Amino acid sequence: MTNRDALTAYIASFVDELAQNKVRHAVVSPGSRSTPISLLLAEHPDIEVHLNVDERSAAFFALGLAKALGEPVAMICTSGTAAANYYPAIVEAYYARVPLLVLTADRPHELRYVGAPQAIDQIELYGKHVKWSVEMALPEQTAEMTNYARTVGARAVATAALSPAGPVHLNFPLREPLVPDMKKAKEYRKESSAVLIEDGVRTLAQSHVKALASTLTEAKRGIIVVGELKDDSVSEAIVALSEQLAFPILADPLSLLRSGTHKQEQIIETYDTFLRDDIAKEMLNPDLVLRFGAMPVSKALLLFLKKHHSAKHLVVDDGAGWREPAGLATNMIYSEVSTFCSDMLNQLSGIGDVTWLQRWQAVNTATKEALYSLRDDAELSEGKLFLLLNELMPTHSTLFVGNSMPIRDLDTFFFNNEKQIRTLANRGANGIDGVVSTALGVSTVSEHTVLAIGDLSFYHDMNGLLAAKLQKQNMTIVLINNDGGGIFSFLPQANEKEYFELLFGTPHGLDFAHAAALYGAKYNKVTNWEEFGQVFTQSFTIPGLKVIEVPTERESNLVKHRELWNFVSQEIKDVLS
């Protein structure tokens, strides 16, 4: 047995086990030490390899793929700082509950801490930001070691996918020679997994079901708050429970409840606007809050919930985590969402107070009508852009949104519709890095993908555009350029005029046409709304990467938002009186 034979048997067995456990995609960054894993991933007929030169971009690309698919995606890089460049995406994946298999090649033990090139300490490199971290054994060809490689592979896939999903890190120390015997790779394929790992559904004891149903029945002014959800399979269950209780549903834009064929009469989508009004906050005071999913984007909602801290707060989490930054939970409920809703419906009888629900609906309608007034504005603005996206997005499409202002404008202006538009964002750590790459990962498996992103976030991840060029991917980027950090204009530091532009506004003056040309993207900089509508609609008929730049003014954007908030306050006073 040679070292090459051992390498081939060990890595080929591991890769085949990933395939047996339904890993279908791997994102590879070129490197020497990772050669055997990369080659054998590319050789396996059941795994599709995506090349991404920049490890930071590659990791976010894998994140996007896994987010869109809802299943583990592998990514592989060489040793040294290449592995460190994975870190931001791993942090995002951990907090956003996205399953990733992080495979890092490493120097063997004798080349560590001796000054060997491209050797850093990679053991538990990602600390507490992975669900499981394993220092793999050195390759051997024995039956025990190939079975070990398979078993760890199966456990890694299962651990990454198990709710709450997240990243798993496997570190592979490898000795030279690094090129496996590709002709022998097929010898290590099997027809089934080495070990079957099965998971069940989290459910509540019947005594807990009855107690919680009683709590819901006793509430007279309940609300259902739904944050980011992974898929829309639970939409109808949540709506059915809301109908039975006559509780309004405050649906975050990432909840997937604002778009679809399910009933939407009880879904309130403009709460971020009207909950800024003091009268509304008093008149809509709940005595019970039932929460599903992650904490919503809206700060106005968070402050509203904190104001009414005496209400009972029930948080349902199928991942048995603690997504409760408000510190208000009276009940942490570890149950699958559909199962919880079904259990409650089986216990409930009669319909709740529709008067309470109708009050929320009336305020929501009045607020939506007031926000629609922005459609008459001729000036290019960020709020109206999202009003138009709401109307222009194709049916069965995906809208990926950057952080800072874009996600907040999506929250304000993305209204209920039946188009089945999937809305996604990186809200695990809420960073502006890696957004382009994540969206490109999504576009790999999602038709008609649109990325709405701010200029600074776009700049942070322009490297990600290379993947679109090399892989000829289709995606439309709506680049909102207000020449700096628009979100800071809404924060208290905006009052520090002397230092604001230097430290927060950060105007860059970049001409993004050059970036589009560099990566072969079709580029348009629009000057009016009619032009935007035409270019945006046409982008879905043109293959490849499209960049549509929409220039806006930061100060004007701030003024328009405040004017709208004041207008809404006047409108809802009439409704609530």
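One can find the structure itself at the top, above this paragraph.
Residues numbered from 1 in each chain as written. Predicted model: local features only at pLDDT ≥ 70, side-chain atom pairs only at ≥ 80, totals over all residues. Heavy atoms only, no water.

*Asks:* Tell me what's going on with the overall build of the chain, and back it up with residues and numbers.
*Replies:* A count of helices and strands for the chain gives 22 helices and 18 strands. Computed over the C-alpha atoms, the radius of gyration of the chain is 25 Å, within 12% of the 25 Å expected from 2.2 N^0.38 for a compact globule of 577 residues. The C-alpha extent of the chain, read off along each of the three principal axes, is 85 × 65 × 45 Å. Classification of the 577 residues of the chain by burial places 57% in the buried group. In the chain, the proportion of contacts linking residues at least 24 apart, taken out of those at least 6 apart, comes to 79%. (Helix = DSSP H or I, 4+ residues; strand = E, 2+ residues; numbered from the N terminus. Rg over C-alpha atoms; globule rule 2.2 N^0.38 Å. Buried < 20%, exposed > 50% of the residue type's maximum accessible area, 1.4 Å probe, protein only. Contact = heavy atoms within 4.5 Å.)

*Asks:* Now, about the side chain of Asp 409: what can you tell me, with residues and values included?
*Replies:* With respect to the secondary-structure elements, Asp 409 resides in helix 15 (residues 405–413). Arg 276 is the oppositely charged side chain nearest to the buried, salt-bridge-free Asp 409, at an N-O distance of 8.5 Å. (Lys, Arg positive; Asp, Glu negative; His and termini not counted. Salt bridge = Lys/Arg side-chain N within 4 Å of Asp/Glu carboxyl O.)

*Asks:* Help me get a handle on the packing of aromatic side chains, residues and values and all.
*Replies:* All told, the structure shown has 12 aromatic pairs when counted by the stated rule. Here Phe 14 and Phe 172 contribute two aromatic rings whose centre-to-centre distance is 5.0 Å and whose plane-to-plane angle is 70 degrees, an arrangement assigned as edge-to-face. Placement of the pair is Phe 14 in helix 1 (residues 3–20) and Phe 172 in strand 6 (residues 167–173), with a sequence separation of 158 residues. Each member of the pair, Phe 14 as well as Phe 172, carries the same accessibility label: buried. The interplanar angle of 65 degrees and the centroid separation of 5.9 Å between the aromatic rings of Phe 274 and Trp 360 together place this pair among those described as edge-to-face. Residue Phe 274 is located in helix 9 (residues 271–274), and its partner Trp 360 is located in helix 13 (residues 354–371); the two are separated by 86 residues in the primary sequence. Accessibility expressed as a relative area gives 0% for Trp 360, which makes it buried. (Phe/Tyr/Trp six-rings, centres within 6.5 Å; stacked < 30°, edge-to-face > 60°.)

*Asks:* Tell me what's going on with unusual backbone geometry, and back it up with residues and numbers.
*Replies:* A cis amide bond links Ser 163 with the next residue in sequence, Pro 164, at an omega value of 0 degrees. For the peptide bond that leads from Glu 176 to Pro 177, omega is 5 degrees, which places it in the cis range. Along the chain, Pro 177 falls in the loop between strand 6 and helix 7 (206–218). The phi torsion at Tyr 113 lies on the positive side, around 65 degrees, for a residue other than glycine. Position of Tyr 113 relative to the elements: it lies in the loop between strand 4 (100–106) and strand 5 (132–135). Positive phi is not limited to glycine here, since Asn 430 has a value of about 60 degrees.

*Asks:* How would you summarise the sheet that holds strand 6 if you had to cite specific residues and measurements?
*Replies:* Pairing is parallel across the open sheet formed by six strands, whose spatial order is 2-1-3-4-6-5. The open sheet is flanked by strand 2 (48–51) and strand 5, the only strands paired with a single partner. For this sheet the average axis-to-axis angle between neighbouring strands, irrespective of direction, equals 20 degrees. Pairing of strand 5 with strand 6, which is carried by four bridges, proceeds in the parallel orientation. Note on strand 6: the bridge partner recorded for Trp 132 is Val 168. Packed on one face of the sheet, helix 1 meets strand 4 and strand 6 and runs near 165 degrees to strand 6. The strands touched by helix 5 (residues 87–96) are strand 3 (73–77), strand 4 and strand 6; relative to strand 6, the strand with the most contacts, the crossing angle is about 140 degrees. (Pairing = 2+ DSSP bridges. Axes fitted to C-alpha atoms, helices over the stretch in contact; angles between N-to-C directions.)

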